[in-house]
Amino acid sequence: MSLSRTVPPAVPATTASPTRTGLIQITVTGVLWGTTGVAVQLLRDSTGLSPVSIGFHRLAIAALVLLACTAGRLGALRSALRATPVPLLLTGLGLGLYQALYFVAVAWAGVSVATVVSLGLAPVLAAAWESVRARRLPGPLRLATLVAAVVGLALITGATADPTAAAPTPLLGLLAAAGSGLGYAVTTLISRQASQHVAPMTLTTISTVTGALTLAPFAVVAGVGVPVRPDTVALLLHLGVITTAVAYALFYAGLRTTPGSVAAVLTLLEPLTAAALAVALLHEPLPLPVVGGGVLLLTAVAATYLTPRRDTP
């Protein structure tokens, strides 16, 4: 009997490719979300819009673009809503609410507290929930990744936030930031379940429409008028199309193969990207803590890529 018949050929793993693709999709999402800060700052300076109103415009533009793109598949949207109405509507409701709570936290407690608490709490809560469901604690690698990511986030945010920013009601701001982090974690976990049964484009369309409707009352109170100028239109289109429609479609697609806690770690690239853009485009200084925090965040992301299946509940 020949060797060719006694030794079976190696079969390549088929699960590595979709897993790695999901990681890449969510990494790109974090980078795209990182461009939001510069765009919002430029838009606020030129229009005076409140952050909540900008958030509403962002979701409303994304919803209109996605509805136009899916005009020929409205039946699929209705079918998805009939099949799984609660997860889809909760995803959109959470999308609007955790953004609103984050903006409130910034106004009441400052950028640093709002960012560290809301973004840092999400991966910890998601990992805790996954561990409870799996009935085992996260392994050393997962814990080290979470610690490195959260410490890196704290270093970057603490160094880039305005130290003189007023915090009129810090306790209420802290609670709003915690609510935003909890909402982000819960929404991520719910949307991950929904993404297993609903196409990413359908999920993104329904969630942005629901999120825009959620923020609409707050935006109307704050004012939604926008001067129609080329720079204003370009910034709003960037926020609505790139950082919302495209980014969330990639996010929901990546969630099909990526645990919620891993996704929350990867999207911490958002503040790192924002800091890099502020240095490159707004000529802000590059403090040493930002460099150290960036190294920690990139290390956490690299660890996630190198062991995408290991140590995951």
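Preceding this paragraph is the structure being described.
Bear in mind that the values here come from a model prediction, so they are computed numbers and not experimental data. (Residues numbered from 1 in each chain as written. Predicted model: local features only at pLDDT ≥ 70, side-chain atom pairs only at ≥ 80, totals over all residues. Heavy atoms only, no water.)

Here Thr 29 lies in helix H2 (residues 16-34). Residues Thr 29 and Gly 254 lie 225 residues apart in sequence; the distance between their C-alpha atoms is 9.2 Å. Leave out the neighbours within four places in its chain, and Thr 29 touches Ala 247, Leu 250 and Phe 251. (Helix = DSSP H or I, 4+ residues; strand = E, 2+ residues; numbered from the N terminus. Contact = heavy atoms within 4.5 Å.)

On to the side chain of His 57, then. Looking at the secondary structure, you find His 57 in helix H4 (residues 51-69). A residue is classified by how much of its surface remains accessible, and His 57, at 14% relative accessible area, is buried. Separated by 3.0 Å, the side chain of His 57 and the backbone oxygen of Val 224 make a polar contact. (Buried < 20%, exposed > 50% of the residue type's maximum accessible area, 1.4 Å probe, protein only. Polar contact = N/O pair within 3.5 Å; in protein donor to acceptor, adjacent residues only side chain to side chain.)

Grouped together as the largest cluster of nonpolar side chains are 50 residues, with contacts concentrated most on Phe 56, Leu 88, Tyr 184, Tyr 248, Phe 251 and Leu 266. Among the elements that take part in this core, helix H10 (residues 200-222) stands out by supplying 6 residues, more than any other. Setting aside residues no more than four positions away along its own chain, Phe 56 makes contact with Ala 212, Leu 215, Ala 216, Ala 219 and Val 224. If you look at the next biggest cluster of nonpolar residues, it comprises 9 residues, including Val 40, Leu 43, Ile 54 and Leu 236. (Core = buried A, V, L, I, M, F, W, Y, C linked by side-chain atoms within 4.5 Å.)

Following both chains from N to C, one finds H10 and helix H11 (residues 230-254) inclined at 125°, their axes separated by 8 Å at the closest point. With respect to their mutual orientation, H10 and H11 come out oblique. Considering the relative orientation of H10 and H11, their crossing is right-handed. Contacts between H10 and H11 pair Pro 200, Leu 203, Thr 204, Ser 207 and Thr 208 from the former with Thr 244, Ala 245, Tyr 248, Ala 249, Tyr 252 and Ala 253 from the latter. The residue inventory of the contact of H10 with H11, partitioned by class, reads 7 nonpolar, 4 polar and no charged. (Axes fitted to C-alpha atoms, helices over the stretch in contact; angles between N-to-C directions. Parallel < 35°, antiparallel > 145°, perpendicular 65-115°, else oblique. Left-handed = near helix turned anticlockwise from the far one by under 90°. Nonpolar A, V, L, I, M, F, W, Y, C, P; charged D, E, K, R; others polar.)

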